[in-house]
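# Analysis of the macromolecular model
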Amino acid sequence: MAVGVICLIHPQKIRAEGFTGADFASWETAAQDSFIQTSITMAGVVFTQVAPEKSACVDNWYLGSGQKAARNAHIRKTIAQYDDYHPSGTILAILLEACGPLN
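Overview of the structure. Keep in mind the model is a prediction, meaning the values are calculated, not measured.

Across its full length, the chain carries 7 helices and 0 strands. Starting at the N terminus and ending at the C terminus, the chain contains elements arranged as α-α-α-α-α-α-α. Here the chain, with 103 residues, has 36% of them falling under the buried criterion. Long-range pairs, those at least 24 residues apart, make up 67% of the contacts in the chain between residues at least 6 apart in sequence.

Given below as structure tokens:
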């Protein structure tokens, strides 16, 4: 739900100009998982500088309690649902939904 709200509020910022969720869906699962993990790792690194508490939340949400495979599946499903948008924007929306907004 938050993904849809963010896409409606800021479509000009996350609307893909060439790479979309549909393109992402054509990749092998291992490549998708690598993209997801890299994106989440980079978001966590950025959050350490702008919102350290969000960085810890992202780590716990993604890696905690052996949830990584389930989180990847959820992210893939959501990217497929919003396949006109860049996967990075969708991943960011998911992280903000899980850990709260950046204030």
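Anyway, onward from the coordinates.
Ile-36, Ile-40, Val-58, Trp-61, Ile-75, Ile-91 and Leu-95 are the most contacted members of the largest nonpolar core, which totals 15 residues. Mapped onto this core, the elements with two or more residues apiece are helix H4 (29-50), helix H5 (52-63), helix H6 (68-81) and helix H7 (87-99). Broken down by element, this core gets its largest block of residues, 5 residues, from H4. Apart from residues lying up to four places away in sequence, Trp-61 is in contact with Ile-40, Gln-67, Arg-71, His-74, Ile-75, Ile-94, Leu-95, Ala-98 and Cys-99.

In this section: the side chain of Ser-55. Relative to the elements of secondary structure, Ser-55 occurs in helix H5. Taking relative accessible area as the criterion, Ser-55 reaches 8% and is therefore assigned buried. Filtering out sequence-adjacent residues up to four positions away, Ser-55 remains in contact with Gly-44, Phe-47 and Thr-48.

Attention shifts here to the packing of H4 against H6. Where H4 contacts H6, the axes come no closer than 10 Å and their chain directions differ by 100 degrees. Regarding the angle of H4 to H6, the classification is roughly perpendicular. Residues Thr-29, Gln-32, Asp-33, Ile-36, Gln-37 and Ile-40 of H4 touch H6, and the partners they reach there are Lys-68, Asn-72, Ile-75 and Arg-76. Across the contact of H4 with H6, the residue classes break down as 3 nonpolar, 4 polar and 3 charged.

Angle between the axes and distance between the axes are the two parameters that describe a pair of packed helices. Where H5 contacts H6, the two axes come as close as 7 Å, and the packing angle between them is 100 degrees. Between H5 and H6, the angle is such that the two are roughly perpendicular. Only Lys-68, Arg-71, Asn-72, His-74 and Ile-75 of H6 make contact with H5, whose side of the interface consists of Trp-61, Tyr-62 and Leu-63. Looking at the contact of H5 with H6 residue by residue, the class counts come to 4 nonpolar, 2 polar and 2 charged.

About the cut-offs
- Residue positions are given per chain, counting from 1 as you read along its sequence in written order.
- Reporting in this predicted model follows two pLDDT cut-offs: at least 70 for local features of residues, and 80 or more for side-chain atom pairs to be given and counted; totals over whole chains, interfaces and linings ignore these cut-offs and use all residues.
- Excluding hydrogens and water, the side-chain values take into account all heavy atoms of the structure.
- Each helix is a run of H or I in the DSSP string that is no shorter than four residues. Each strand is a run of E no shorter than two, and both are numbered from the N terminus.
- For each residue, the accessible area found with a 1.4 Å probe, counting protein chains only, is set against the maximum for its type, and the residue is called buried under 20%, exposed over 50%, and partly exposed in between.
- Contacts: residue pairs with any heavy atoms within 4.5 Å of one another.
- Take the buried residues of types Ala, Val, Leu, Ile, Met, Phe, Trp, Tyr and Cys, join any two whose side-chain atoms come within 4.5 Å, and each joined set is a nonpolar core.
- Note on geometry: axes are lines fitted to C-alpha atoms, helical ones only across the stretch in contact, with angles between N-to-C directions running from 0 to 180 degrees.
- The labels follow the angle: roughly parallel below 35 degrees, roughly antiparallel above 145, roughly perpendicular from 65 to 115, and oblique for the rest.
- When residue character is reported, Ala, Val, Leu, Ile, Met, Phe, Trp, Tyr, Cys and Pro are called nonpolar, Asp, Glu, Lys and Arg charged, and the others, Gly included, polar.

Limitation: the analysis is restricted to geometry and does not speak to function.
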